[in-house]
Amino acid sequence: MMTREEILSRVGSSETIFPSRREIFRAFSLTPIDRVKVVIIGQDPYHGQGEANGLAFSVNKGIKIPPSLKNIYKELNSDLGIDIPNHGDLTKWANQGVLLLNSVLTVEKDKPGSHRNMGWEEYTDSVIREISEEKEHIVFILWGKYAESKRDLIDERKHLIISSPHPSPFSARRGFFGSKPFSRCNAYLKRNHIEEILWEI
């Protein structure tokens, strides 16, 4: 498996890469493995100017909320009665132990999927596998077929997997809406005497 540095050397100039170099590993800085309670798996960073901030599904305050995140908020409201936030910054989740992990950690500006198969998938797979092996009672939230493909990396005897269709507008009505991932997550944490996540943004 390639190192972080070897992968970064393949993906090119920081001027065209999102998120910024200082934010590529932000998910791990905010949610180190020893503090992880929940893992939410995304695929690629957002590829528009100013959107990606190093956390899967998240954008900085002041950036238009992406459609999938809008649907995540709708389900959050339906599931827990939480008011729909007016921004897309999920840092508060990360600070509580929710690892917002994209499988691919960088993307070229305006070119979705441009850094797939450059080594990131192997790197992040190893992170998922390490969490599964080293920890107990982690909630893995797998939204969509791509995230579901990571199921084999997770020991279901030790952890909870919550899976559903992706929150994208193309698939959310096929089972994402009504899946209640937030309440199910907290119920599992509570049963295992782990502090629950405060999902309010």
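Before reading on, note that the structure itself is shown above.
Residues numbered from 1 in each chain as written. Predicted model: local features only at pLDDT ≥ 70, side-chain atom pairs only at ≥ 80, totals over all residues. Heavy atoms only, no water.

Digging into helix H5 (residues 120-134)
Note the threshold: Secondary structure follows DSSP: runs of H or I at least 4 residues long count as helices, runs of E at least 2 residues long count as strands, and numbering of each begins at the N terminus. Helix span, as expected, comes to 1.5 Å for every residue beyond the first. Partly exposed describes any residue whose relative accessible area lies between the buried limit of under 20% and the exposed limit of over 50%, with all areas from a 1.4 Å probe on protein chains only and scaled to the type maximum. In what follows, residue pairs with any heavy atoms lying within 4.5 Å of each other are defined as contacts.
The end-to-end C-alpha distance of H5 is 21 Å, a good match for the 21 Å that 15 residues give at a rise of 1.5 Å each. Listing the buried residues of H5 in full gives Trp120, Glu121, Tyr123, Thr124, Asp125, Val127, Ile128, Ile131 and Ser132. At its buried positions, H5 is contacted by helix H1 (4-11), helix H2 (26-30), strand E2 (38-42), strand E3 (98-102), strand E5 (139-143) and helix H6 (144-148).

Structural notes on the packing of helix H3 (residues 67-80) against helix H7 (residues 181-191)
For the record, the criterion: For helices, the fitted line uses only the C-alpha atoms of the stretch in contact; every axis is such a line through C-alpha atoms, and the angle between N-to-C directions lies from 0 to 180 degrees. Oblique is the label for any angle not covered by the other classes, which are roughly parallel (under 35 degrees), roughly antiparallel (over 145) and roughly perpendicular (65 to 115). Each residue gets one of three labels, nonpolar for Ala, Val, Leu, Ile, Met, Phe, Trp, Tyr, Cys and Pro, charged for Asp, Glu, Lys and Arg, and polar for the others, Gly among them.
The geometry of H3 relative to H7 is characterised by a closest axis approach of 7 Å and an angle of 60° between their N-to-C directions. Taken as axis vectors, H3 and H7 run oblique relative to one another. Residue-level inspection shows Ile72, Glu75, Leu76, Asp79 and Leu80 of H3 in contact with H7, the latter providing Pro181, Phe182 and Ser183. Tallied by class, residues from the contact of H3 with H7 come to five nonpolar, one polar and two charged.

Some points on a positive patch on the surface
We apply this condition: Distance thresholds for patches are 9 Å for like charges and 5 Å for nonpolar side chains (Val, Leu, Ile, Met, Phe, Trp, Tyr), applied to residues having over 30% relative accessible area and no salt bridge. Methods summary: accessible areas were calculated by the Shrake-Rupley approach with a probe of 1.4 Å, and residue burial reflects only the protein chains presented. For this document, the term salt bridge refers to a Lys or Arg side-chain nitrogen within 4 Å of an Asp or Glu carboxyl oxygen. His is not counted here, nor are the chain ends, while Lys and Arg score as positive and Asp and Glu score as negative. Taken as the charge centre is NZ of Lys, CZ of Arg, CG of Asp or CD of Glu, depending on the residue.
A cluster of basic residues, Lys64, Lys70, Lys74 and Arg173, forms a positive patch on the protein surface. Within the secondary structure, Arg173 sits in the loop between strand E6 (160-164) and H7.

Some thoughts on the layout of surface pockets
Quick note on the threshold: The way it works is a 1 Å grid over only the protein atoms, where trapped points that fit a 1.4 Å probe form a cavity and open points with protein on both sides within 12 Å along at least five of seven lines form a pocket, and then any residue with an atom within 4 Å of a point lines it. Grid points are joined across faces, edges and corners, and a volume is the space filled by probe spheres set on the points.
Looking at the largest pocket, its volume works out to about 820 Å³. Lining the largest pocket are 38 residues, with Asp44, Tyr46, Phe57, Ser68 and His166 sitting closest to its centre. At the level of secondary structure, the elements contributing two or more residues to the lining of the largest pocket comprise E2, H3 and H6. Element by element, the count of residues in the lining of the largest pocket is highest for H6, at four residues. Its residues placed into classes, the lining of the largest pocket shows 19 nonpolar, 13 polar and six charged.

Focus on the pattern of salt bridges
Inspection of the entire model under this criterion finds seven salt bridges. Put simply, Lys150 and Asp125 hold a salt bridge, and the shortest N to O gap is 2.8 Å. Placement of Lys150 in the loop between H6 and E6 and of Asp125 in helix H5 is noted, with a sequence separation of 25 residues between them. Lys150 sits in the buried class, given a relative accessible area of 6%. The class for Asp125 is buried, based on a relative accessible area of 17%. Of the charged contacts in the structure, one is a salt bridge between Arg151 and Glu156, with a shortest N-O distance of 3.1 Å. Residue class for Glu156 comes out partly exposed when judged on its relative accessible area of 46%. Ionic contacts of the salt-bridge type, sharing partners, join the residues Glu148, Arg151 and Glu156 into one network.

Examining H1
For the α-helix, the turn length of 3.6 residues means that residues three or four positions removed from each other point alike. Here is the rule: By construction, the arc corresponds to the directions joining the helix axis to the C-beta atoms.
Those residues of H1 lying buried are Ile7, Leu8 and Val11. Seen end-on, H1 carries its buried residues on one side only, within an arc spanning 100°. Turned more than 90 degrees away from the buried face of H1 sit Glu5 and Ser9, all of them exposed. Residues of H1 that are buried in the fold lie against strand E1 (17-18) and H5.

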